[in-house]
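The primary structure of each chain is shown beneath.
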Amino acid sequence: MSILPPGDDATTPAAPPPRRHLPALDRLLRDPAAAALIERYGRPALATALRAELDRLRATPATALRPADTAAGAVLAQAGERLEAAARPSLRRVFNLTGTVLHTNLGRAALPEAAIAAVGIVAAGPSNLEYDLASGARGERDDHLEPLLCALTGAAAATVVNNNAAALLLVLNTLAARRQVVISRGELIEIGGAFRLPDIITRSGCRLVEVGTTNRTHPRDYAEALGPRTGAVLKVHTSNYAIEGFTAAVGEADLAQLCRVPHVPLVVDLGSGALLDPRRYGLPHEPTPMQAIAAGADLVTFSGDKLLGGPQAGLIVGRADLIARIRRNPLKRALRVDKLTIAALGAVLGLYRDPDRLAERLPAWRALRRPLAALHDQAARLAPALAARLAGLATVESGACVSQVGSGSLPTQGVASVALVIRPVGRRGAGAALRRLAERFRALPVPVIGRIHDGALLLDLRCLEDEAGFAAQLAALRDAPGAP
Ligand SMILES: *Cc1c(COP(=O)(O)O)cnc(C)c1O
């Protein structure tokens, strides 16, 4: 509702708002302070921002404005802020201090330097993506990755698609469209988001045949289900949950044995999949594609951006005749990866040729292996500065916590870690104060994402490599929104 000065006729419907002494648009655009903004954002964008700012000032009640607010310099400064906010990319860097190392919502694996460089080269210009340099003829985009993948997994052939969900869709559609896919009830998992195994199987054009029970499935359960209408047997690594207690599952080797005589392909979805046994690096165990291949799996699928440490991709390795059929499926064309993914994945796979230095080069592995002592030292360096910045708002201390690998890998195995434990001062409205505190950290120039646990905001330091960058922006914490 507008507040009209005395004497105006309040019943006149569209009474013009009171005149303000606002600078004219063309004068603002000629102001010396406008030059830098025009240089940076262009004249049309500045004019639009200035118009929006002038409209805002016109709509603001006169009593809420100080004369300084309508000065040319102030209007230009406000327009500059609008332009800066609009120019900020939507997809931004953040600090992942959630304690989940491979966080799907925060982009999973960070790429090693070699992969970033490889992406830069093919992004900038033409490449031999589907061109055979030796013969000068058309090439295959899979050729860049297949030899490496075969060498690393012991498989005869390999191909790569957009992600592991796509890999599974493509494999099932190729092998078992209009036929049955046999799977244990204990493996009908939901991966998160909209990815549920039964839906994927159905959408692949296959009929789901569940065998066994949630906790126990035996070889005879599979044997009874196999028949002339079976297109594939699917074994899924239940990567994001664990069934404990009275359980039984049929291993890959036994399944391969069962599938041999009826000639039914055995497909293993490993989810994360690690190309080298993580135990060798002091990381918890995760099944590897080579184990599955060696046990007799016909095709194995796994993700590129989980424990493998590469870009988003779905890797399919296994029998050459089956991979050839997959390549002929028109869906393969729809699910193919682009050159940036191939460049990044090629570089990451290349690092696996030097296993001794791998754990230092893959950021996710580096983070998972950081010793507790290093995390304690980091907490001791950061806590005092942070406490000073939050004085009166919150207390800061260092405390033990548990990180996770994330992305469904190793769900029951936490990794001991250290966090900055931040508690709002005062007891009343603690939940709201905590949320405002978290909001403050998210509003920093490089947003900091922590996790709320037990009445405190935890900043798990396991993934904090850029300590200087983190410390440098703490000064902005006071001004950030979310002040109590
Ligand atoms: C993560 C996961 C998938 C999905 O992989 P994306 O690469 O995210 O598409 C499929 N199956 C299992 C068992 C998984 O853990």
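No experiment lies behind these values; they were computed from the predicted model shown.

## Here's the deal with helix H18 (residues 430–442)
- Taking 1.5 Å as the rise per residue, H18 with 13 residues should run 18 Å; its terminal C-alpha atoms sit 18 Å apart, in good agreement.
- Buried within H18 are the following residues: Ala433, Leu434, Leu437, Ala438, Arg440 and Phe441. End-on, the buried residues of H18 take up no more than an arc of 155 degrees, which puts them together on one face.
- The inward-facing, buried residues of H18 abut helix H17 (372–389), strand E13 (394–403), strand E14 (415–424), strand E15 (448–449), strand E16 (451–453) and strand E17 (456–460).

## What about the side chain of Ser403?
- By secondary structure assignment, the location of Ser403 is in strand E13.
- Looking at Ser403, its side chain comes within polar contact range of the side chain of Ser417, at 3.2 Å.
- A polar atom in the side chain of Ser403 sits 3.3 Å from the side chain of Arg462.
- Every residue in contact with Ser403, bar those within four places of it in the chain, is listed here: Gly99, Gly414, Val415, Ser417, Asp460 and Arg462.

## A closer look at the nonpolar core
- Formed by 64 residues in total, the largest nonpolar core has its most connected members in Val233, Val300, Leu308, Leu349, Tyr352 and Trp365.
- Of all the elements, helix H14 (residues 339–351) adds the most residues to this core, at 8 residues.
- Counting 29 residues, the second-largest nonpolar core is a separate cluster that includes Ala157, Leu170, Ala176 and Cys206.

## Description of unusual backbone geometry
- A positive phi angle, near 50 degrees, is found at Arg108, a position not held by glycine.
- One can find Arg108 in the loop between strand E1 (95–96) and helix H5 (113–124).
- A positive phi angle is found at Asp454, which is not glycine, with a value near 55 degrees.

## A word on the state of the cysteines
- Counted under the stated rule, the structure contains 0 disulfides.
- Between Cys259, a free cysteine, and Cys206, which holds the nearest cysteine sulfur, the sulfur-to-sulfur gap is 15 Å.
- For Cys259, a relative accessible area of 4% gives the class buried.

## Looking at the sheet that holds strand E11 (residues 299–303)
- Spatial ordering of the open sheet is given by E4-E12-E11-E10-E9-E5-E8, a layout of 7 strands whose pairing is mixed. Here the strands that pair on one side only, and so sit at the sheet edges, are strand E4 (157–161) and strand E8 (207–211). Averaged over neighbouring strand pairs, the angle between their axes works out to 25 degrees when direction is ignored.
- Relative to strand E12 (residues 314–318), E4 is paired through 5 bridges, and the arrangement is antiparallel. By the bridge assignment, Ala157 is partnered in E12 with Gly318.
- Relative to the sheet, helix H7 (residues 164–176) contacts E4, strand E5 (180–184), strand E9 (230–236), strand E10 (266–271), E11 and E12, its axis offset from that of E11 by approximately 160 degrees.
- Against the sheet, helix H12 (residues 320–328) touches E4, E11 and E12, its axis set at about 30 degrees to E4.

## Quick notes on the domain arrangement of the protein chain
- Structurally, the protein chain comprises domain 1 (18–87), domain 2 (95–103 + 367–476) and domain 3 (113–361).
- For domain 2 versus domain 3, the distance between C-alpha centres works out to 35 Å.

## Quick notes on the environment of Leu97
- Mapped onto the elements of the fold, Leu97 is located in the loop between E1 and H5.
- Sequence separation between Leu97 and Ile449 is 352 residues; the distance between their C-alpha atoms is 5.5 Å.
- Setting aside chain neighbours within four positions, we find Leu97 in contact with Val448, Ile449, Gly450, Arg451, Leu458, Leu459, Asp460, Leu464 and Phe470.

## Points about the environment of Glu187
- Checked against the element boundaries, Glu187 lands in the loop between E5 and strand E6 (190–192).
- Of the residues examined, Glu187 reaches a relative accessible area of 6% and is grouped as buried.
- Taking the C-alpha atoms as reference, Glu187 lies 59 Å from Asp55; in sequence the two are 132 residues apart.
- Apart from the residues within four sequence positions on either side, Glu187 is in contact with Leu197, Tyr222, Leu234, Lys235, Val236 and Thr238.

## A short note on the sheet that holds E13
- Reading across the sheet, the 4 strands line up as E13-E14-E17-E16 and stay open at both edges, with antiparallel pairing between neighbours. Only two strands of the sheet have a single neighbouring strand rather than two, namely E13 and E16. Averaged over neighbouring strand pairs, the angle between their axes works out to 40 degrees when direction is ignored.
- The pairing of E14 with E17 spans 4 bridges and is classified as antiparallel. By the bridge assignment, Leu420 is partnered in E17 with Leu459.
- Taken strand by strand, H18 contacts E13, E14, E16 and E17, and its axis lies near 110 degrees from that of E14.

## Observations concerning the pattern of salt bridges
- Across all of its chains, the model carries 26 salt bridges by this definition.
- Between Glu130 and Arg138 there is a salt bridge; the shortest N-O distance is 3.0 Å.
- The class of Glu130 is partly exposed, set by a relative accessible area of 25%.
- The class for Arg138 is exposed, based on a relative accessible area of 61%.
- Connected through shared salt-bridge partners, Glu130, Arg138, Arg141 and Arg336 make up one network.

So, how was this worked out
- Residues numbered from 1 in each chain as written.
- Predicted model: local features only at pLDDT ≥ 70, side-chain atom pairs only at ≥ 80, totals over all residues.
- Heavy atoms only, no water.
- Helix = DSSP H or I, 4+ residues; strand = E, 2+ residues; numbered from the N terminus.
- Expected span 1.5 Å × (residues − 1).
- Buried < 20%, exposed > 50% of the residue type's maximum accessible area, 1.4 Å probe, protein only.
- Arc of directions from axis to C-beta.
- Contact = heavy atoms within 4.5 Å.
- Polar contact = N/O pair within 3.5 Å; in protein donor to acceptor, adjacent residues only side chain to side chain.
- Core = buried A, V, L, I, M, F, W, Y, C linked by side-chain atoms within 4.5 Å.
- Disulfide = S-S within 2.5 Å.
- Pairing = 2+ DSSP bridges.
- Axes fitted to C-alpha atoms, helices over the stretch in contact; angles between N-to-C directions.
- Domains from an automatic or database assignment.
- Salt bridge = Lys/Arg side-chain N within 4 Å of Asp/Glu carboxyl O.

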